[in-house]
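# Structural overview
So the chains spell out like this:
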Amino acid sequence: MEFNNIINLHKAVIQTTCLGFMLCMPTLSYANDSEQQIELVSKKDTVGTQEVISVQGADRYSDADLAESLSRVPGVSIDESSDSGRQVSMRGLGPRYIKTTINGMESAASGTNSSVVGGSSNTRSLDFGIFASELFTQIEIEKTPSAEIEDGGIGGNVNLQAARPFQYDGSMFSYSFSGRYYEISSKIKPRMSFMASKNWNNKFGILGSIAYSKGLSHFEGASTVRWTVLNPKWDENSTSVHDGGTNRLLAEPITTISESGPYTNEGLDGKWIPRIPRYSIFTREQERFGTTAAIQYFPFDDFSLNIDWLYASIKSVANEYQNSILFRDNKDNPQIYPENVVVDVSNNIVAGAFSNARIRSEVNQGIAQSQFEQATIDVNWKVNDSLKAKILTGYGQSELDVPYQNMFALDAHNSIVAYSWDTSIEPIRLINEQGLDFSRGTMNASIPSFVWLPNHREATDKDYNGDRYTLVNAKQETSNGRNYHLALTRTEAEVGTSENYSIKLDFLYSIDTAFRLKLGSNIRSFKAERHNYRNYYKRLSQDGFGTQGDRAEAWINSYTFSDGDELIYINELGEQIEIPSLNGERFSSNLHASGVDFGNAVSIPVTSSLNENTWLIPDFDKLMQSFGQMDFMQRRERFDQAYVVKEEVIASYVQLDWDSTIFNYGVRGNIGLRHIQNTTTSSVIDSSSYIKDYFKAESYNWSSKVNKDSNLLPSFNLSLDLTDTTLARISVAKAITRPSLDVFTSKVSIGMPSENSDTGEVEGGLIKRGAGPTLKPYESTQMDLALDWYFADGALLAGAFFYKNITSITTEKTTQILSATEMRSLGIDPQKVSDNYEWSIESIANTPPQTMWGVEFVYQQPFTFLPAPFDGLGIKANYTYVDYTRDVQDPMTQQIMTLTEEDSSKNMFHATLYYEGNQWGVRLGYNYRQGFVKQYRNEYKDEGTFVRGYESTNVWKISGHINLMDDTVLSIDINNITNEPKIQWGNLYNRQPVEYLLQGRSLMVGIKSQFN
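These numbers were taken from a predicted model, which means no experiment stands behind them.

We now examine the overall build of the chain. On a plain count of helices and strands, the chain comes out with 11 helices and 51 strands. Taken over 1012 residues, the chain has a buried fraction of 57%. Accessible surface for the chain amounts to roughly 40,800 Å². Of this, 51% is attributable to carbon and sulfur atoms.

Here it is, written out as structure tokens:
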């Protein structure tokens, strides 16, 4: 039978069967008094390395979502890009290496965050932030693979199991209500859940649950985006400074500071300046809804039918506010003059005053919604005493919709600006006292101090000699809308869908009491599609074969002129349209008047002219009302960003299990082989169908590439009972993980060459090619050794050593002369490129394997040996060390450096100290994650940026509960007790500040009840 026919038949079966049972209610979590013991028994009985989280643990902690529940597992850390953890890393491997199944079926839920907070999820990794923890009763984490487990999880496999009715006797109902108070905004958000279940003597049962919550994320602080090294001595005919030349960059610098007074090119060369130093606010209001339904039917002992359905949605409204100095990409237009410069020992300009600079205040608002739905049916049949069969079939889909993400910016040209990361230096003094030379300072402030004098008449004077301005003057000018004008109108939208089908057939044959043979096969299909829309296009050139001018987001400045008392805008058709004045006074407000909090979590320096009352912001609603219908605010699809990726997998496995005794030692294990046949189709819009940068076409064609490959994955797991309380494990296997979808696509991104105004040479042409479906998966040969000691009831002392040899992917860079035919096929007009021009080509390729290893230690124990009342004390603690490095080439020195792998922390530690009494309990939790490299990031040839990462985090949480009645519990949770900052740095050698953000504390109080 053809693959598509199998899938269509399977989908019809799912839809037809589920329709018959959808009258049932939707699931909630349940409590289990022996949670800790159950988790240890589950861990002890497994052959490989497994962790289990029961819902009782998650319930008592009142976790915001599943990622927070997972953060207590040894070796697991979460990506906290907002108030909800979105994705998880395990044992030093990032989210792309983690395979997640829901009720036994592979799933992927698209993220809802727009780029204002964390970026929309563009990977195959599950976004855990979409799910409330109340929707599931158990989470299983398999850290070692076996043949029967679906491929895809080099780092580990996570299975989320929703509640089922046979987990409860008779009738049962539970509910919970709570409110979370956010310190940073002084707001309270509700959270509630309900569950109903009915079990008819374990023959037939139905269960339904529903969970609803509202949440708030509010980060505030300072950021710089990146830093740039000044290189006025750059010469295209010279070589690197490391080879005795004058070049500190690989391409002509586009960020420049002009000579002024004592600050000559000789002195400025080699100094680092922040590209966009600014104060930043990120807020996100979210509304989350989830519901589950389950039916179990056991008509007789040898047959069972389980039906599970899950729906989840999350909607968010995100706002971003930035108030910045735009040093970046000025290329002497405008010429920015240094008036006072302070540098540290690493040549960072830690403080300075500058004239003729540009200030920008921007607001970015976006709405996003993600929906996830999955239905599964599994049938278990005991054919006879020796043979069992299981069939699981399922369908899932995820939809991401970002209807708009709009940004407006007010600019103030000809401005005098000053900043300081040195607490001993006041910016106003830097403005008033012109520097005589490069002073020495220290980067010792987390939050810099800023002073703005926007649109100042003296700022254009190269001979500006300072004045006697006061902080009061600066605050008045900073908040005056007349000093600003509308400069940028950006709008963007995005839609994404993914769907997957799965059919699994498993057989278990008991050879005798010791040996069992397992074999099975599964067919699965996964398809993902993304489309992006933005006013990123340019106007068509007069000859009709290319584009010209600015992108639409900046047309309001490029195509506007004054006609007496009116402003006239010339649209794309050449028509003249009267528009309102672009003066910022018409379209501005301030943070305080707009109800936006700033300074509740961070301490704004008293020496700064920028605060909640003086921070001028664009009035989003007024700007949308005035310009929302203009041609430059109409979005067009970015054809170069669209893609469709489809995977069709047929897999089969055979596995031998045993459970016996050798020399009085209990021996359990399995050995198996899994074969995978994969067909990948990657489709992008053919670039010859449209004019580059115009993004407008009557119709367009899709171009597809297909690739088939196969993998053979052996595995071996052995567990040896050394004593009644001690066991040892060994696991050896080969595993794979497929790359993220954006890497898998065949899309091509093109940066056109530009002419150097000084030399007349054409430079800067860059072509980035997507890997396409021929890219091989990450492959790993791995081994685990573990020793567990269950030395008392509920107690465990364990250690594990793990080793993996993993391939990766990298970006390869070459140069190539393209023929006219090749350029036309990419949508490039050959007439706009000089003959024999050498393009820079970047492509993605697989790399040889690199070794990683690590150790993991677990200690947990209830202190029941202590006298009452101290016998209620206990501890759970785990520590993970990971050594995972990769050889990376410094683009400037060409030196090969050994760096930690991206997203990999060397040290992670979690501890929970608890007290559980008859009527109340309290838990104090601590999570530590050592700083890590986020991205090697060497693509900015004209900046000098190399590597960015995050500092270590220390997060504390305290939880408590009081048993009001036998079936009712009052809970209290305080999160982020110490208001831990999120600190990002840039550049490996001097770790310049890129982001310092705080989100404040939160307090949640709730009541939960369960009764029959």
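Here the focus is the pairing of strand S38 (residues 778-789). Only one face of S38 is buried: it carries Tyr778, Ser780, Gln782, Asp784, Ala786 and Asp788, and the other face, with Glu779, Thr781, Met783, Leu785, Leu787 and Trp789, is open. When S38 meets strand S39 (residues 796-817), the two strands line up antiparallel, connected through 10 bridges. Across the sheet, the residue bridging to aspartate 788 is alanine 798, located in S39. Between S38 and S39, which pair antiparallel in sequence order, lie six residues; one of them, glycine 794, sits at a positive phi of approximately 75°.

Within the open sheet, the five strands sit side by side as S1-S6-S7-S4-S5. Their pairing is mixed. With partners counted over all chains shown, the strands left at the sheet margins are strand S1 (50-54) and strand S5 (105-106), one partner each. As defined by bridge partners, strand S6 (residues 136-142) adjoins strand S7 (residues 156-162) across six bridges and the pair is classed as antiparallel. Note on S7: the bridge partner recorded for isoleucine 139 is leucine 160.

Following alanine 868, the chain continues into proline 869 via a peptide bond in cis, with omega recorded as 5°. Mapped onto the elements, proline 869 comes out in the loop between strand S40 (838-862) and strand S41 (873-889). Positive phi outside glycine occurs at asparagine 664, with the angle close to 70°. Along the chain, the position of asparagine 664 falls in the loop between strand S30 (643-662) and strand S31 (665-685). Residue class for asparagine 664 comes out exposed when judged on its relative accessible area of 77%.

What follows concerns the sheet that holds strand S25 (residues 566-570). Spatially, the three strands line up as an open sheet ordered S24-S25-S26, and their pairing is antiparallel. One side of each edge strand has no neighbouring strand; the edge strands of this open sheet are strand S24 (560-563) and strand S26 (576-579). For this sheet, the mean angle separating the axes of adjacent strands, direction not counted, is 40°. Here four bridges tie S24 to S25, and the two strands are oriented antiparallel to one another. Note that in S25 the partner of serine 562 across the bridge is leucine 567.

Next up on the list: a nonpolar patch on the surface. A cluster of nonpolar side chains, namely Tyr181, Ile188, Ile972, Ile974, Leu1003 and Val1005, defines an oily patch on the protein surface of about 470 Å² accessible area. Elements that contribute at least two residues to the nonpolar patch include exactly strand S48 (968-975) and strand S51 (1002-1011). With respect to the element layout, isoleucine 974 can be found in strand S48.

A few words on the pattern of salt bridges. Within this structure, the stated rule accounts for 45 salt bridges. Glutamate 901 is the partner of arginine 96 in a salt bridge, and the nearest nitrogen-oxygen pair spans 3.3 Å. A residue pair is termed long-range when its members are at least 10 positions apart, and arginine 96 in the loop between strand S3 (87-90) and strand S4 (98-102) and glutamate 901 in the loop between strand S42 (896-900) and strand S43 (907-916) qualify at 805 residues. With relative accessibility at 2%, the residue glutamate 901 sits in the buried group. For glutamate 951, the salt bridge goes to arginine 991, with nearest N and O atoms at 3.3 Å. Note that glutamate 951 is positioned in the loop between strand S46 (948-950) and strand S47 (953-965) and arginine 991 in the loop between strand S49 (982-986) and strand S50 (992-998), a separation of 40 residues in sequence.

Let's shift gears to the packing of aromatic side chains. According to the stated counting rule, one finds 42 aromatic pairs in the structure shown. Ring centres of phenylalanine 863 and phenylalanine 865 lie 5.7 Å apart, and the angle between their planes is 55°; on these two criteria the pair is classed as tilted. Given the relative accessible area of 56%, phenylalanine 865 is considered exposed. Here the guanidinium or amino end of lysine 271 rests over the ring plane of phenylalanine 438, the centre of that ring lying 4.7 Å away. If you follow arginine 991 out to its NZ or CZ, it ends over the ring of tryptophan 985, 4.2 Å from the centre.

Moving on to the confidence of the model for the chain. When pLDDT is averaged across the chain, the result is 86; 89% of the residues are at 70 or more. Here helix H1 (residues 3-19) is the element of the chain with the lowest mean pLDDT, 44, and strand S12 (residues 272-274) is the one with the highest, 97. Every residue in residues 5-34 is under pLDDT 50, and counting partners more than four places away or in other chains gives 76 contacts. Across residues 111-120, confidence stays below pLDDT 50; counting only partners more than four residues off in sequence or on other chains, it has 42 contacts.

The next subject is the nonpolar core. Phe354, Tyr419, Trp615, Phe627 and Phe632 are the most contacted members of the largest nonpolar core, which totals 69 residues. Residues contacting phenylalanine 632, with those up to four places away along its chain left out, are Thr489, Asn535, Tyr537, Ala552, Trp555, Ile556, Tyr569 and Phe627. By size, the runner-up hydrophobic cluster in this structure holds 27 residues, among which are Ile78, Val88, Ile141 and Leu310.

Among all positions in helix H9 (residues 620-627), only Phe620, Leu623 and Phe627 are buried. On an axial view of H9, the arc spanned by its buried residues comes to 65°, and they lie on one face. Exposed residues lying more than 90 degrees from the buried face of H9 are Asp621 and Gln625.

This part takes up the side chain of glutamine 861. Its place among the elements puts glutamine 861 in strand S40. There is a polar contact of 2.7 Å between the side chain of glutamine 861 and the side chain of tyrosine 859. Ignoring sequence-local partners within four residues, the contact set of glutamine 861 consists of Phe791, Gly794, Ala795, Gly874, Ile875 and Tyr914.

Another aspect to go through is the environment of histidine 961. Along the chain, histidine 961 turns up in strand S47. By relative accessible area, which is 10% here, histidine 961 ends up buried.

Once that is clear, we can look at the environment of serine 971. With respect to the element layout, serine 971 can be found in strand S48. Residue classification places serine 971 among the buried positions, given a relative accessible area of 4%. Placed 37 residues apart in sequence, serine 971 and lysine 1008 show a C-alpha to C-alpha distance of 7.8 Å.

When you line up the elements, leucine 486 lands in strand S20 (residues 485-510). What makes leucine 486 buried here is its relative accessible area of 0%. Sequence separation of leucine 486 and arginine 586 is 100 residues, and the distance between their C-alpha atoms is 9.6 Å. Apart from the residues lying within four places of it in its own chain, the contact partners of leucine 486 are Ala409, Leu410, Ile556, Asn557, Leu582, Leu623 and Phe627.

Cut-off values and rules
- Residues numbered from 1 in each chain as written.
- Predicted model: local features only at pLDDT ≥ 70, side-chain atom pairs only at ≥ 80, totals over all residues.
- Heavy atoms only, no water.
- Helix = DSSP H or I, 4+ residues; strand = E, 2+ residues; numbered from the N terminus.
- Buried < 20%, exposed > 50% of the residue type's maximum accessible area, 1.4 Å probe, protein only.
- Areas by Shrake-Rupley, 256 points an atom, 1.4 Å probe, with all protein chains shown as cover.
- Pairing = 2+ DSSP bridges.
- Axes fitted to C-alpha atoms, helices over the stretch in contact; angles between N-to-C directions.
- Patch = residues over 30% accessible without salt bridge, like charges linked within 9 Å, V, L, I, M, F, W, Y side chains within 5 Å.
- Salt bridge = Lys/Arg side-chain N within 4 Å of Asp/Glu carboxyl O.
- Phe/Tyr/Trp six-rings, centres within 6.5 Å; stacked < 30°, edge-to-face > 60°.
- Lys NZ or Arg CZ within 6 Å of the ring centre and 35° of its normal.
- pLDDT = per-residue confidence, 0-100.
- Contact = heavy atoms within 4.5 Å.
- Core = buried A, V, L, I, M, F, W, Y, C linked by side-chain atoms within 4.5 Å.
- Arc of directions from axis to C-beta.
- Polar contact = N/O pair within 3.5 Å; in protein donor to acceptor, adjacent residues only side chain to side chain.

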